[in-house]
Amino acid sequence: MQHDSSLALPRGCNCAVRCGCDAADQGCLCGDRSAPTATTEKPGRRALIRLAGSLAMLGALGACSAFMPKNLDYAAARASEQGAYRVSYKSDTTPIPINRLHSWTLHVERPDGRPVTDATVKVDGDMPQHMHGLPTRPRVTRNLGNGDYLVEGIKFQMGGWWVMEFAVTSGERSDVAKFNLMLQH
Ligand SMILES: [Cu+2]
């Protein structure tokens, strides 16, 4: 049985179909959206294609709400997953821009509020719905002191739901803080 490609989970990025964002120039693999010829179509498949079309439209309007968990936490300050740290970020540009390099300042502290001044931080980010990551490799370039770290090289190539991940290590303790972002394009 054949499925319309816009209903299947994308290989690479299918964002133009799912989210209405223009990803063609971002190295994303947008599915072939050309309709099959009418003569070879079964009625059921036609309805499926129409349904897929409506879903794509809904996706474009609703920012893929059908494909993402509800009630995501978009807070810019969170406990790391095992509770070892409190981590927060501030972008140097607001709102967080699309397709522009910018920097964040990350703040890391213990649960009791003491700043963590000797942390090693690894940065990663991805769009869970599109199965692709960032177009750049952001990293901490400076320890600003008092638990603050400068993260340079951040760039989001499209709007939608992103998850930024910071793997923090201080002494023996490693933990990960993940932040949800909903970026407008
Ligand atoms: Cu994407």
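Residues numbered from 1 in each chain as written. Predicted model: local features only at pLDDT ≥ 70, side-chain atom pairs only at ≥ 80, totals over all residues.

**Section: the nonpolar core**
Piece 1. With 24 residues, the main nonpolar core has Tyr85, Val87, Leu106, Val108, Phe166 and Val168 as its most contacted residues.
Piece 2. By residue number, the principal contributor to this core is strand β8 (residues 160-170), which donates five residues.
Piece 3. Ignoring anything within four residues of it in the chain, the contact list for Phe166 reads Val87, Leu106, Val121, Val123, Val176 and Ala177. (Core = buried A, V, L, I, M, F, W, Y, C linked by C-beta atoms within 7 Å. Buried ≥ 20, exposed ≤ 12 C-beta atoms within 10 Å, placed from the backbone. Helix = DSSP H or I, 4+ residues; strand = E, 2+ residues; numbered from the N terminus. Contact = placed C-beta atoms within 7 Å.)

**What about unusual backbone geometry?**
Piece 1. The step from Thr94 to Pro95 runs through a cis peptide bond, and the omega angle for that step is -5°.
Piece 2. Following the sequence through the fold, Pro95 ends up in the loop between β2 (86-91) and β3 (102-109).
Piece 3. The residue Asn99 is not glycine, and still its phi comes out positive at about 65°.
Piece 4. Note that Asn99 resides in the loop between β2 and β3.
Piece 5. Owing to 13 C-beta atoms within 10 Å, Asn99 belongs among the partly exposed residues under this scheme.
Piece 6. At Met131, a residue that is not glycine, the phi angle is positive and equals roughly 55°.
Piece 7. Here Met131 lies in the loop between β4 (120-127) and β5 (132-133).
Piece 8. Judged by the 13 C-beta atoms lying within 10 Å of it, Met131 is partly exposed.

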